[in-house]
Amino acid sequence: MSGDTLDLCGDGIHDDTATLQAALERRGLLVLPPGKSFLVTQLVIHSDTMLRGTPGQSRIIVRGREDLSPRETRGLIIEGSNTVLRGMDISSGNDKRCREAISITPETDAHDISIEDCTIHDVQVGIMGGKKAKTDRVTIRGNSFYNIGTHPEVPFPSVAITPPYGTSCLVADNRAWDVGDNPGDWFLYASRALNETIISNNLIRRCYGGIKLQGATSTRTLVAGNRIMVFGRSGI
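Definitions and limits used
Residues numbered from 1 in each chain as written. Predicted model: local features only at pLDDT ≥ 70, side-chain atom pairs only at ≥ 80, totals over all residues. Heavy atoms only, no water. Core = buried A, V, L, I, M, F, W, Y, C linked by side-chain atoms within 4.5 Å. Buried < 20%, exposed > 50% of the residue type's maximum accessible area, 1.4 Å probe, protein only. Contact = heavy atoms within 4.5 Å. Phe/Tyr/Trp six-rings, centres within 6.5 Å; stacked < 30°, edge-to-face > 60°. Helix = DSSP H or I, 4+ residues; strand = E, 2+ residues; numbered from the N terminus. Pairing = 2+ DSSP bridges. Arc of directions from axis to C-beta. Polar contact = N/O pair within 3.5 Å; in protein donor to acceptor, adjacent residues only side chain to side chain. Axes fitted to C-alpha atoms, helices over the stretch in contact; angles between N-to-C directions. Salt bridge = Lys/Arg side-chain N within 4 Å of Asp/Glu carboxyl O.

Colleague: So what's going on with the nonpolar core? Residues and values would help.
Modeller: The biggest cluster of nonpolar side chains holds 47 residues, and the ones touching the most others in it are Leu-51 and Ile-102. Those residues within four positions of Ile-102 in sequence are excluded, and the remaining contacts are Leu-76, Ile-78, Leu-85, Ile-90, Ile-115, Ile-120, Gly-126, Ile-127 and Met-128.

Here it is as structure tokens:
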């Protein structure tokens, strides 16, 4: 389905949440038109869904919901398997309350989730992986992150990527700059064990911290080929 056929405003001022969510409920492929800015409060991505835009030209602006605190505000919530987000610019715009641009939070075990070629900026957390259920075979590749953690109203560490709990995660070829300026801020922070995970060829510049793997029981995890230039904590 093409966003051109939907009754969307796409002006970044009027709320397009209801129309986009109704289209996503049909599942399958939804293509956002280029040159548009879609204002949303929250979108839920179910299983067997692909949301695709044109890199640098299809913009999603997340506005905090009135019934949620800034700490609870999430833009795109992935709740199922076989889902793809590709080629979108995701930010909070002038609303300084958004905690997470993308949240991977399935209620039950999920698999095969891909986030590629997106630009994520002006939020507290870029991609947050859930801890409630296992999520296997997640790909986070070719994305750009900048101005992560510029929201003092959200009392949470600034992190570009927190991988989900599960196995076979690939974090590769991403670029990040201006991520955090306080202790506890990282490009990538894993609070639980990573298994069969590859973190490679990421370019990290002007970030407070680089890569932190805290899970004591991580197995078969490779960290290689990353270029890291940080000004606060350690690179890895």
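Colleague: Account for the packing of aromatic side chains, naming residues and giving values.
Modeller: In this structure the tally under the stated criterion is 2 aromatic pairs. Considering the side-chain rings of Phe-145 and Phe-187, the 6.5 Å spacing of their centres and the 80 degrees angle between planes classify their relative orientation as edge-to-face. Highlighted residues: Phe-145 in strand 15 (residues 144-148) and Phe-187 in strand 19 (residues 186-190), separated in sequence by 42 residues. Of the residues examined, Phe-187 reaches a relative accessible area of 0% and is grouped as buried.

Colleague: If you had to explain the pairing of strand 7 (residues 74-78) to someone new, which residues and values would you point to?
Modeller: The two faces of a sheet get side chains in turn, since along a regular strand they alternate between them. Of all 5 residues making up strand 7, 4 are buried, and the element is well covered by its neighbours. Pairing analysis gives 3 bridges linking strand 4 (residues 43-45) to strand 7, with the strands arranged parallel. Bridged to Ile-45 within strand 7 is Ile-78. In this sheet, strand 10 (residues 100-104) lies alongside strand 7 in parallel orientation, the contact comprising 4 bridges. Each residue of the ladder has a partner; that of Ile-78, found in strand 10, is Ile-104.

Colleague: Go over helix 1 (residues 17-24), please, and point to the residues and values.
Modeller: Those residues of helix 1 that sit buried are Thr-17, Leu-20, Gln-21, Ala-23 and Leu-24. Viewed along the axis of helix 1, the buried residues span an arc of 160 degrees, placing them on a single side of the element. Buried residues belonging to helix 1 abut strand 1 (11-15), strand 2 (28-31), strand 3 (36-40), strand 4 and strand 5 (49-52).

Colleague: So what about the environment of Arg-63? Which residues, and what values?
Modeller: Along the chain, Arg-63 falls in the loop between strand 6 (58-62) and strand 7. Residue classification places Arg-63 among the partly exposed residues on the basis of a relative accessible area of 34%. On a C-alpha basis, the gap between Arg-63 and Leu-39 in space is 6.9 Å, while along the polypeptide they are 24 residues apart. Among the polar contacts made by the side chain of Arg-63, one reaches the side chain of Asp-15 at a distance of 2.8 Å.

Colleague: An account of the sheet that holds strand 19 is requested, with residue identities and associated values reported.
Modeller: A sheet is described by the order of its strands in space; here 7 strands give the open sequence 4-7-10-13-16-19-22, paired in parallel fashion. Lying at the two open borders of the sheet, with one neighbouring strand each, are strand 4 and strand 22 (211-213). Neighbour-to-neighbour, the strand axes of the sheet open up by a mean angle of 15 degrees, direction not taken into account.

Colleague: Mind laying out the pattern of salt bridges, listing which residues take part and the relevant values?
Modeller: Using the criterion set out here, one finds 9 salt bridges in the structure. Across the pair Glu-100 and Arg-74 runs a salt bridge, and its minimum N-O distance is 3.2 Å. A residue pair is termed long-range when its members are at least 10 positions apart, and Glu-100 in strand 10 and Arg-74 in strand 7 qualify at 26 residues. The class for Glu-100 is buried, based on a relative accessible area of 1%. Note that Asp-136 is salt-bridged to Lys-134, the shortest N-O span being 3.9 Å. Given a relative accessible area of 18%, Asp-136 falls into the buried group. Shared partners join several salt bridges into a network, and the residues in it are Arg-74, Arg-99 and Glu-100.

Colleague: Would you mind going over the environment of Met-229 in detail, with residue names and values included?
Modeller: Inspection of the secondary structure assignment puts Met-229 in strand 24 (residues 227-230). Separated by 20 residues in sequence, Met-229 and Gly-209 place their C-alpha atoms 8.7 Å apart. The residues touching Met-229, leaving out its near neighbours within four places in the chain, are Leu-203, Ile-204, Arg-205, Arg-206 and Cys-207.

Colleague: Mind laying out the side chain of Ser-92, listing which residues take part and the relevant values?
Modeller: Following the sequence through the fold, Ser-92 ends up in the loop between strand 9 (89-91) and strand 10. Residue Ser-92 is classed as buried on the basis of its relative accessible area of 1%. Among the polar contacts listed, one links the side chain of Ser-92 to the backbone oxygen of Asp-122, at a separation of 2.4 Å.

Colleague: Help me get a handle on the sheet that holds strand 24, residues and values and all.
Modeller: Taken in spatial order, the 9 strands of this open sheet run 1-3-6-9-12-15-18-21-24, and their pairing is parallel. The open sheet has two edge strands with one neighbour each: strand 1 and strand 24. Averaged over all neighbouring strand pairs, the angle between strand axes comes to 15 degrees, with direction disregarded. Where strand 6 and strand 9 come together, 3 bridges link them in parallel fashion. Bridge assignment links Ile-61 to a residue of strand 9, and that residue is Ser-91.

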